Amino acid sequence: MTTVSTEAMTAETLLGMFRTVSRIHACDERLRGLLNQGKIFIFYYSPRGQEIIPAAVSACLSADDYVVTTYRGLHDEIAKGTPLRPLMAEILGRSDGTCRGKGGPMHISDPGSGVMVTTGIVGGGIPIANGLALASQLQGDGRVTVVYFGDGAANIGAFHEALNMAAVWSLPVVFVCQNNRYGEFTPLSETQRVEQLSSRAAGYGLAGVTVDGNDPVAMYEAARTAVDRARAGGGPTLIEAMTYRLMGHFYGDQMPYMDQAEYQAALAADPLPRFRAMLLEAGHATEEQLAAIEAEAGAEADDAVEFAFASPAPEPLSLFEDVYAEVRR
Ligand SMILES: Cc1ncc(C[n+]2csc(CCOP(=O)(O)OP(=O)(O)O)c2C)c(N)n1
Ligand SMILES: [Mg+2]
């Protein structure tokens, strides 16, 4: 694990990341609240506990860089800058959503903010990220592609093929494995024998690093190194970001298969209050400033929910629209 002093990062960057995690947290809370109240019916894979990872990565990205993510991708999408109104509308399947309500929570794409693909196919986004990165390389547009996936996805064939190809072609891509210790209902210790998933990078000749993904400074430093390397033509990096899934696989999961002591310890080490305390202790912000950021994030999330509920469901015949690209001759 890397530990870097906060001096390497500016207060502005850290506060920007705090703003991002506050927006993620507010939207996640709203969605869990709506499910609790029976107001919406979706399978929801909460990113609670994993917020710092994409907040740090996105702090190193440009607006037009690309991101590919998974069903557990709310945090990745918000961090990359997908506007909350169409994001929430898509999650609720409404016509003002990013995909006009036809994608739903597992298929968010919003090219305007660089969120190109969200997939429910475990590991399926990894080779797609290579395709985006190859396009950038061929076009010389200077973009970097980041792909997020879970620890379970690191056992899928596509992960291995994609790492090899990215290394061979020196693609401008960063593979970010959010290691939350579980794949669906199975602890990682039952599905692989390596100590660190990042060690797999060596087998394909790319840089690999394991980092505490819940530590804002360490995560930022790892992301900064990887993104700068990709942008400078130095090729891909595999970042294994250690974290924990605080809400189980899907929201409502009773988690009978989880080690209770381990789970309680993870709850006690919740990265969000720790990040907050760190900002106060380091003198980067006052209690009032942090409370104002949180209040603003909450208001934005409320506004997005209101917008989503006011948006109509898609017309049935709109199913036939947006299926094929229009060919311009
Ligand atoms: C190819 C494929 N196999 C199996 C599944 C069923 N499935 C959905 S989520 C999941 C667990 C994936 O775990 P991980 O990659 O660690 O991501 P996490 O859910 O922990 O974020 C599985 C096996 C799937 N969606 N796609
Ligand atoms: Mg996992």
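In case you missed it, the structure is sitting above this.
A. Looking closely at unusual backbone geometry. Within the chain, Ser170 stands out as a residue other than glycine whose phi angle is a positive 50°. Locating Ser170 in the fold gives a position in the loop between helix H6 (157-168) and strand S4 (173-179). By relative accessible area, which is 32% here, Ser170 ends up partly exposed. One non-glycine residue, Glu184, lies in positive phi territory at about 55°.

B. How the structure looks around the pattern of salt bridges. As enumerated under the stated definition, the model contains 15 salt bridges in all. For Asp302, the salt bridge goes to Arg30, with nearest N and O atoms at 2.6 Å. Within this pair, whereas Asp302 is found in helix H10 (residues 287-310), its partner Arg30 is found in helix H1 (residues 11-36), the two being separated by 272 residues in sequence. Judged by its relative accessible area of 40%, Asp302 falls in the partly exposed class. We note a salt bridge from Arg231 to Asp65, for which the minimum N-O separation is 2.7 Å. One end of the pair, Arg231, is in helix H7 (residues 216-231); the other, Asp65, is in the loop between helix H2 (52-58) and strand S1 (66-70), and 166 residues separate them in sequence. Several salt bridges converge on common partners, so that one network encompasses Arg100, Lys102, Glu321 and Asp322.

C. Highlighting the site of ligand 1. Close to ligand 1 lie 14 residues, the nearest being Tyr71, Arg72, Gly120, Gly152 and Tyr182. At 2.8 Å from a nitrogen atom of ligand 1 is found a main-chain nitrogen or oxygen belonging to Gly120. Contact between ligand 1 and Asn180: an oxygen atom at 2.9 Å from a side-chain N or O atom of the residue. Grouping the constituent residues of the shell around ligand 1 by class yields five nonpolar, six polar and three charged.

About the cut-offs
- Residues numbered from 1 in each chain as written.
- Chains lettered and ligands numbered in written order.
- Predicted model: local features only at pLDDT ≥ 70, side-chain atom pairs only at ≥ 80, totals over all residues.
- Heavy atoms only, no water.
- Helix = DSSP H or I, 4+ residues; strand = E, 2+ residues; numbered from the N terminus.
- Buried < 20%, exposed > 50% of the residue type's maximum accessible area, 1.4 Å probe, protein only.
- Salt bridge = Lys/Arg side-chain N within 4 Å of Asp/Glu carboxyl O.
- Near = heavy atom within 4 Å.
- Polar contact = N/O pair within 3.5 Å; in protein donor to acceptor, adjacent residues only side chain to side chain.
- Nonpolar A, V, L, I, M, F, W, Y, C, P; charged D, E, K, R; others polar.

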